[in-house]
Amino acid sequence: MIILGVDPGSRATGYGLVDPSGGDEHLVTADTIRLADTDDHPTRLKQIYDALVDVIDAHGPDEFAVEMPVYGQNPQSMLKLGRAQAAAMMAALNRDLPVAQYTPKEVKKSVTGNGNASKKQVGFMIESILSAGEQTFAHDTADALAIALCHGNRDAHDDGDSYTGWASFVDANPDRVSE
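Residues numbered from 1 in each chain as written. Predicted model: local features only at pLDDT ≥ 70, side-chain atom pairs only at ≥ 80, totals over all residues. Heavy atoms only, no water.

Engineer: What exactly am I supposed to notice about the pattern of salt bridges here?
Structural biologist: Pairing is possible between side chains that carry opposite charge, provided their charged atoms lie close to one another. What the rule picks out here adds up to 6 salt bridges. With a closest N to O distance of 2.7 Å, Asp57 and Arg95 form a salt bridge. Within this pair, whereas Asp57 is found in helix α1 (residues 41–59), its partner Arg95 is found in the loop between α2 (75–93) and β5 (99–102), the two being separated by 38 residues in sequence. Residue class for Arg95 comes out partly exposed when judged on its relative accessible area of 35%. Here Lys119 ties to Asp143 by a salt bridge, and the two come within 2.5 Å at their closest N and O atoms. Separated by 24 residues along the polypeptide, Lys119 in helix α4 (residues 119–129) and Asp143 in helix α5 (residues 139–157) bring together distant segments of the chain. Residue classification places Lys119 among the partly exposed positions, given a relative accessible area of 44%. Relative accessible area serves as the criterion here: at 8%, Asp143 is assigned to the buried category. (Salt bridge = Lys/Arg side-chain N within 4 Å of Asp/Glu carboxyl O. Helix = DSSP H or I, 4+ residues; strand = E, 2+ residues; numbered from the N terminus. Buried < 20%, exposed > 50% of the residue type's maximum accessible area, 1.4 Å probe, protein only.)

Written out as structure tokens, the structure reads:
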């Protein structure tokens, strides 16, 4: 199974493909899509979409995971980031890939064990997990690989006991609840 992880951005969008089959994560490919400052925002969104469609067509991933924007100081920046995420998701959806979204804290915690890890810590762990040796990754690329690994970890440890709230837990486990 190959997972495509994407760290969306309106100026740089990182992507990374990993194969977590057999318990060892293997790097398939990874890079960053650099977008020209001279292009307007809609043009950059199309470039993100087109580039990710090309990656999907070239490597045939089975699943797609993306980081979701959760906070920011500038509303305009958050809007642009959300649009970049949407362009990435549309590339996956138009190629019939299931889409999963993760918060930055979820990704960091999955890869480093600390939801408040720095970008440097995430990069170090990515290089270590993927046995990249002398290879180093740009922050956007490392983040995308972390997203793919987070998704792979979620799948590997999913025992089917995920609940949407207390009501779903009680419905699924009536014998574990006392009155």
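Engineer: Help me understand the packing of α1 against α2, please; the structure alone is not making it clear to me.
Structural biologist: Helix-helix packing is characterised by the crossing angle of the two axes and by the distance between the axes. Direction vectors running N to C along α1 and α2 enclose 30 degrees, while the axes themselves pass 8 Å from each other. With respect to each other, α1 and α2 are oriented roughly parallel. Judged by the twist between their axes, the crossing of α1 over α2 is right-handed. Every residue of α2 that contacts α1 at His41, Leu45, Ile48, Tyr49, Leu52, Val53 and Ile56 is listed here: Lys80, Arg83, Ala84, Ala87, Ala88, Met90, Ala91 and Ala92. (Axes fitted to C-alpha atoms, helices over the stretch in contact; angles between N-to-C directions. Parallel < 35°, antiparallel > 145°, perpendicular 65-115°, else oblique. Left-handed = near helix turned anticlockwise from the far one by under 90°. Contact = heavy atoms within 4.5 Å.)

Engineer: I would appreciate a short explanation of the sheet that holds strand β4 (residues 63–67) in the present structure.
Structural biologist: Strands in a sheet are paired, the pairing made by backbone hydrogen bonds, and the direction either parallel or antiparallel. If you trace the 5 strands from one edge of the open sheet to the other, you get β3-β2-β1-β4-β5, paired in mixed fashion. Taken across any chain shown, the strands that pair with only one partner, and hence form the sheet edges, are β3 (26–34) and β5. Ignoring strand direction, the axes of neighbouring strands in this sheet form an average angle of 20 degrees. The sheet contact formed by strand β1 (residues 3–7) and β4 spans 4 bridges and is parallel. Opposite Ile3, over in β4, you have Glu63 as the bridge partner. Each of β1, β4 and β5 is contacted by α2, which is oriented at about 175 degrees to β4, the strand it contacts most. (Pairing = 2+ DSSP bridges.)

Engineer: How should α1 be read in this particular structure?
Structural biologist: Working note: α-helix, 3.6 residues per turn, so residues spaced by three or four point in the same direction. An ideal rise of 1.5 Å per residue puts 27 Å on 19 residues; α1 measures up with 27 Å between its terminal C-alpha atoms. Along α1, the residues that are buried comprise His41, Arg44, Leu45, Ile48, Leu52, Val53, Val55 and Ile56. Residues of α1 that are buried in the fold lie against β1, β2 (12–19), β3 and α2. Phi turns positive one or two residues past the end of α1, at Gly60, with a value near 55 degrees. (Expected span 1.5 Å × (residues − 1).)

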